[in-house]
Structure formats: structure tokens, C-alpha cells
Amino acid sequence: IFQIDEGGLLVMTGKKAFINIESSVHDRSIHYFNSKMQHMWSKSLLENYNASYEDWRVLSNGQYIYFITTPHLPGMTLKMNLTQMRRTTGRTKKFFINDNDDPKALFIDEENLYVLRYFEEEEFILNCIDHKTFKETKYTLNVPSVKNDADCYKNKRWDFLGFNENAIFM
């Protein structure tokens, strides 16, 4: 069960059935309930891939709900599977992000879905994905290096704190 921003719930039902060691079928359904707990729509999410475990995330705004699955194999992350659903109709579109690096933060506004990745060095990559066209724009965020010898934990990097009204907080 996932709570949806601006009201409502997304409920996932189904099972994970392994056919053999090489493949698995993930037969699931997503059900959307509005803020008055009225059932609005259900959608099947049939995905085929072999994974030892998956991370699930849900992001939403006034128009869209994204169900995001990141499957993992031991020592490896597979491409991120994204299902965009229209809040009012349940109309779905699926797409993938083919970058195998785990995203550190995902967030959304009225125009874009954002995927922020950062690495051991002070390099931050921000991917902006347009809700309507799925056009992806990639930016490298330039942040100053962290120089704080008084930090008892020797934190040498910036961390993502949040996003609000077109500002990223680090």
C-alpha cells in the first residue's frame, strides 16, 4: 500500500511466480483509491525479468502517478522500470531508464520526473523526464567540495535533502 501525494492510495496485489532459474513472471495489479477511498481504476503490471529482489517507489502529483521498480541481482542493479499512470483515467505508459547506477533520489513536480544520482566524487547527475513527451534532459550539478575537518564523522560529501518549488536542497 502506497500513500499518494494530494490524497489517495495505490494498492499492489498479485504474486511473484518463478518459472525457472533463468526467468520469472511478475503478475501484479495496481489499484487506485481516491482520497474518499473510492476505487477509481485497476491496472495489470505484467513484467518479465529475473531478479533476486526489487525496490519499489511511488511518486505522484496532481495528474500523474509513477510506479517505479528497480530489480536487483546479486551485485548488480538492472534498468529501472517506470509505469506512468494518469490519476483520473489510469491510462498507462511504460518506459525504462537504462542506466544501471542506483538513483539516490527521485522526485516530481508538475512538469517533470527527476532522477538524481551521485557518486563517490562530488559529481551529481540530474535527469529530468518530461511527463508528456518522456524527453530526457541530463544535467551535471556543480557543487563545491566539502571541506570540514571539524566534522567528527569526516563527512566529505553533500547529500540530497529535498525538493520544493524548483529548488533542490543539499
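Our structure's up above, just so we're on the same page.
This text gives an overview of the structure that appears in the document. (Residues numbered from 1 in each chain as written. Predicted model: local features only at pLDDT ≥ 70, side-chain atom pairs only at ≥ 80, totals over all residues. Heavy atoms only, no water.)

Examining the overall build of the protein chain
In terms of helices and strands, the protein chain carries 0 helices and 15 strands. Expressed as a percentage of the 170 residues in the protein chain, the buried residues total 39%. Contacts spanning at least 24 positions in sequence make up 34% of the contacts within the protein chain whose residues lie at least 6 apart. As displayed, the protein chain offers around 10,100 Å² of accessible surface, 51% of which is attributable to carbon and sulfur atoms. (Helix = DSSP H or I, 4+ residues; strand = E, 2+ residues; numbered from the N terminus. Buried < 20%, exposed > 50% of the residue type's maximum accessible area, 1.4 Å probe, protein only. Contact = heavy atoms within 4.5 Å. Areas by Shrake-Rupley, 256 points an atom, 1.4 Å probe, with all protein chains shown as cover.)

Some words on unusual backbone geometry
Here the phi dihedral of Glu6 falls at roughly 65°; this positive angle occurs in a residue that is not glycine. Relative to the assigned elements, Glu6 resides in the loop between strand S1 (2–3) and strand S2 (9–18). In the Ramachandran plot, Met37 falls in the positive-phi region, its phi being about 65° despite a non-glycine side chain. Classification of Met37 by relative accessible area gives partly exposed; the value is 44%.

Remarks on the side chain of Ser60
Summarising the element assignment, Ser60 is placed in strand S5 (residues 53–60). For Ser60, a relative accessible area of 5% translates into the label buried. Engagement of the side chain of Ser60 in a polar contact is seen with the backbone nitrogen of Asp5, the distance being 2.9 Å. Residue contacts for Ser60: discarding those within four places in its chain leaves Ile4, Asp5, Ile65, Arg87 and Ile108. (Polar contact = N/O pair within 3.5 Å; in protein donor to acceptor, adjacent residues only side chain to side chain.)

With respect to the side chain of Asn34
By the secondary structure assignment, Asn34 is in the loop between strand S3 (24–33) and strand S4 (39–48). A distance of 2.8 Å separates a polar atom in the side chain of Asn34 from a polar atom in the side chain of Gln38. Those residues in contact with Asn34 that lie beyond four places of it in its chain are Gly8 and Met40.

Looking at the packing of aromatic side chains
Using the criterion set out here, one finds 9 aromatic pairs in the structure. An angle of 45° between the planes, with centres 5.3 Å apart, marks the rings of Tyr114 and Phe163 as tilted. Residue Tyr114 is found in strand S11 (residues 112–118), and its partner Phe163 is found in strand S14 (residues 162–164); the two are separated by 49 residues along the sequence. Residue classification places Tyr114 among the buried positions, given a relative accessible area of 9%. (Phe/Tyr/Trp six-rings, centres within 6.5 Å; stacked < 30°, edge-to-face > 60°.)

So, the pairing of strand S8 (residues 80–86)
Across the 7 residues of S8, 6 count as buried, placing the element largely inside the fold. Where S8 meets strand S9 (residues 92–97), 6 bridges bridge the pair, whose relative direction is antiparallel. Directly across from Met85, in S9, lies its bridge partner Thr92. Where S8 folds back on S9, the antiparallel hairpin that results is connected by 5 residues, among which Gly90 adopts a positive phi of roughly 80°. (Pairing = 2+ DSSP bridges.)

Section: the environment of Gly8
Counting through the fold element by element, Gly8 comes out in the loop between S1 and S2. A relative accessible area of 9% places Gly8 in the buried class. Between the C-alpha atoms of Gly8 and Met37, which are 29 residues apart in sequence, the distance is 6.8 Å. Filtering out sequence-adjacent residues up to four positions away, Gly8 remains in contact with Phe2, Gln3, Tyr32, Phe33, Asn34 and Ser35.

Thoughts on a negative patch on the surface
Taken together, Asp5, Glu6, Glu110 and Glu111 make up a surface patch of like negative charges. Along the chain, Asp5 turns up in the loop between S1 and S2. The partly exposed category is assigned to Asp5, whose relative accessible area is 48%. (Patch = residues over 30% accessible without salt bridge, like charges linked within 9 Å, V, L, I, M, F, W, Y side chains within 5 Å. Salt bridge = Lys/Arg side-chain N within 4 Å of Asp/Glu carboxyl O. Lys, Arg positive; Asp, Glu negative; His and termini not counted. Charge placed at Lys NZ, Arg CZ, Asp CG, Glu CD.)

Topic: the sheet that holds strand S12 (residues 124–130)
Taken in spatial order, the 4 strands of this open sheet run S10-S11-S12-S13, and their pairing is antiparallel. Edge strands, defined here as strands with exactly one partner in the open sheet, are strand S10 (105–108) and strand S13 (136–141). If you compare each strand with its neighbour and ignore which way they point, the axes differ by 20° on average. Sheet topology places S12 next to S13; 6 bridges connect them, and they run antiparallel. Directly across from Leu126, in S13, lies its bridge partner Tyr139. (Axes fitted to C-alpha atoms, helices over the stretch in contact; angles between N-to-C directions.)

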